[in-house]
Amino acid sequence: MTGRVRLLVLAVGGIGLAVLFALAAFRLPGFGGTVHPYGRRTLPNALAHHTPNVISSINFDQRALDTLGEELILMASALATVLVLRTVRAEQEDSAGEHAYGAAQVFDALRITGYLLLPITLMTGVYIVAHGYLSPGGGFQGGVVLGSAIHLVYLAGDYPALARIRPIPMFETGEALAAGAFVVLALWFAGQVKAMNAVVGLEVGCAFVLALAKFFEQALLVRKDS
């Protein structure tokens with residue numbers, strides 16, 4: 001694709017976005033008014049389904065298809081990262097050969113801190129996911145915490161241990177199953193806020209683990225080659 005074609009695509013997208021933004025802005029209700037069309041629809045639906053939190057009701061019930069789109073975007077991003085970096089890794093290994101990762105040289109205080117924070121961070125992530133239906137957010141934020149927590153092992157300087165506790169095939173399977181479960185819940189069982197929140201946490205956590213794993217492997221491979 002040439003530079004001129006890229007600019008043309010950018011211009012068309014920018015004009016379309018500007019038109020949609022203008023149409024949406026002109027139809028907004030007056031600021032500080034007493035008319036709230038969105039609130040009149042969301043609150044009764046949340047109460048009808050006995051959802052303890054209105055925001056969770058919107059994310060996992062009334063607008064479950066929007067959340068489904070967000071999950072699929074994240075899944076596609078993680079898969080693209082895996083595919084792109086897997087190709088680059090194979091190309092570099094062809095010229096550099098196989099190698100083993102060794103533990104990084106870090107201070108003992110940092111190593112101990114990383115291992116102590118690992119169970120605390122994991123419990124925090126589980127707590128956020130488990131209570132997501134009671135408070136705004138939950139599944140996505142908790143999944144990010146869980147997916148990032150196990151990488152404290154790497155920060156403590158033990159990459160081989162990190163590789164053992166996060167086998168890539170298991171997380172690839174977990175992400176696919178969680179995404180599929182969310183599709184089923186969003187299309188046929190909308191309103192299951194607790195279940196949808198849990199599978200969101202699982203899918204997000206697995207996606208972050210996969211993406212970070214490939215970035216780590218690529219960074220260490222380049223460092224080894226240099």
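In this text the structure is predicted, and so the values were computed from the model without any measurement.

Each helix and strand in the chain was counted, giving 10 helices and 0 strands. Seen in sequence order, the chain has helices and strands lined up from the N terminus as α-α-α-α-α-α-α-α-α-α. Looking at the 226 residues of the chain, the share that counts as buried comes to 34%. Contacts in the chain between residues far apart in sequence, at least 24 positions, make up 74% of those at least 6 positions apart. Accessible surface, the chain: about 13900 Å² in total, of which carbon and sulfur atoms supply 71%.

Where helix α5 (residues 108-130) meets helix α6 (residues 139-149), the closest approach of the two axes is 7 Å, and the angle between their N-to-C directions is 160°. On the basis of their axis angle, the class for α5 and α6 is roughly antiparallel. Relative to α6, α5 is oriented so that their crossing is left-handed. Of α6, the residues touching α5 (which contributes Leu118, Thr121, Leu122, Gly125, Val126, Ile128 and Val129) are Gly139, Gln141, Gly142, Gly143, Val145, Leu146 and Ala149.

To continue, consider a nonpolar patch on the surface. Together, Leu65, Val184, Leu187, Trp188 and Phe189 line one region of the surface with nonpolar side chains, adding up to about 550 Å² of accessible area. The element best represented in the nonpolar patch is helix α9 (residues 168-188), accounting for 3 residues. Examined against the element boundaries, leucine 187 turns out to sit in helix α9. Note on leucine 187: relative accessible area 47%, which makes it partly exposed.

This paragraph deals with the environment of asparagine 59. Its location among the elements puts asparagine 59 in helix α3 (residues 54-62). Given the relative accessible area of 28%, asparagine 59 is considered partly exposed. Separated by 138 residues in sequence, asparagine 59 and asparagine 197 place their C-alpha atoms 9.1 Å apart. Not counting chain neighbours up to four residues away, the residues in contact with asparagine 59 comprise Ala64 and Thr67.

Here we take up the confidence of the model for the chain. In this model, the chain carries an average pLDDT of 80, and 86% of its residues clear a pLDDT of 70 or more. Averaged over each element, pLDDT in the chain is lowest for helix α4 (residues 64-96) (71) and highest for helix α1 (residues 3-26) (92). For the stretch residues 93-104, pLDDT sits under 50, and the model shows 17 contacts to residues farther than four places along the chain or on other chains.

This brings us to α3. Within the span of α3, buried status applies to Ser56, Ser57, Ile58, Phe60 and Asp61. Sitting at the head of α3, asparagine 53 places a side-chain oxygen 3.0 Å from the backbone nitrogen of isoleucine 55.

Locating alanine 211 in the fold gives a position in helix α10 (residues 193-225). Taking relative accessible area as the criterion, alanine 211 reaches 17% and is therefore assigned buried. For the pair alanine 211 and alanine 80, spaced 131 residues apart in the sequence, the C-alpha separation amounts to 9.0 Å.

Attention now moves to the packing of helix α2 (residues 37-48) against α3. Viewed as axis vectors pointing N to C, α2 and α3 meet at an angle of 85°, and their least axial separation amounts to 10 Å. With respect to α3, the axis of α2 lies roughly perpendicular. Along the contact surface, α2 presents Tyr38, Arg41, Thr42, Leu43, Asn45 and Ala46, while α3 presents Val54, Ser57, Ile58 and Gln62. Among the residues making up the contact of α2 with α3, the classes are represented as 5 nonpolar, 4 polar and 1 charged.

Let us now look at α9. Taking 1.5 Å as the rise per residue, α9 with 21 residues should run 30 Å; its terminal C-alpha atoms sit 30 Å apart, in good agreement. Those residues of α9 that sit buried are Ile168, Phe171, Gly174, Glu175, Ala178, Ala179, Phe182, Leu185 and Ala186. Here the buried residues of α9 occupy an arc of 130° about the axis, which is enough to place them on one side. Across α9 from its buried face, at more than 90 degrees, point the exposed residues Pro169, Met170, Leu177 and Trp188.

Cut-offs used in this document
Residues numbered from 1 in each chain as written. Predicted model: local features only at pLDDT ≥ 70, side-chain atom pairs only at ≥ 80, totals over all residues. Heavy atoms only, no water. Helix = DSSP H or I, 4+ residues; strand = E, 2+ residues; numbered from the N terminus. Buried < 20%, exposed > 50% of the residue type's maximum accessible area, 1.4 Å probe, protein only. Contact = heavy atoms within 4.5 Å. Areas by Shrake-Rupley, 256 points an atom, 1.4 Å probe, with all protein chains shown as cover. Axes fitted to C-alpha atoms, helices over the stretch in contact; angles between N-to-C directions. Parallel < 35°, antiparallel > 145°, perpendicular 65-115°, else oblique. Left-handed = near helix turned anticlockwise from the far one by under 90°. Patch = residues over 30% accessible without salt bridge, like charges linked within 9 Å, V, L, I, M, F, W, Y side chains within 5 Å. Salt bridge = Lys/Arg side-chain N within 4 Å of Asp/Glu carboxyl O. pLDDT = per-residue confidence, 0-100. Polar contact = N/O pair within 3.5 Å; in protein donor to acceptor, adjacent residues only side chain to side chain. Nonpolar A, V, L, I, M, F, W, Y, C, P; charged D, E, K, R; others polar. Expected span 1.5 Å × (residues − 1). Arc of directions from axis to C-beta.

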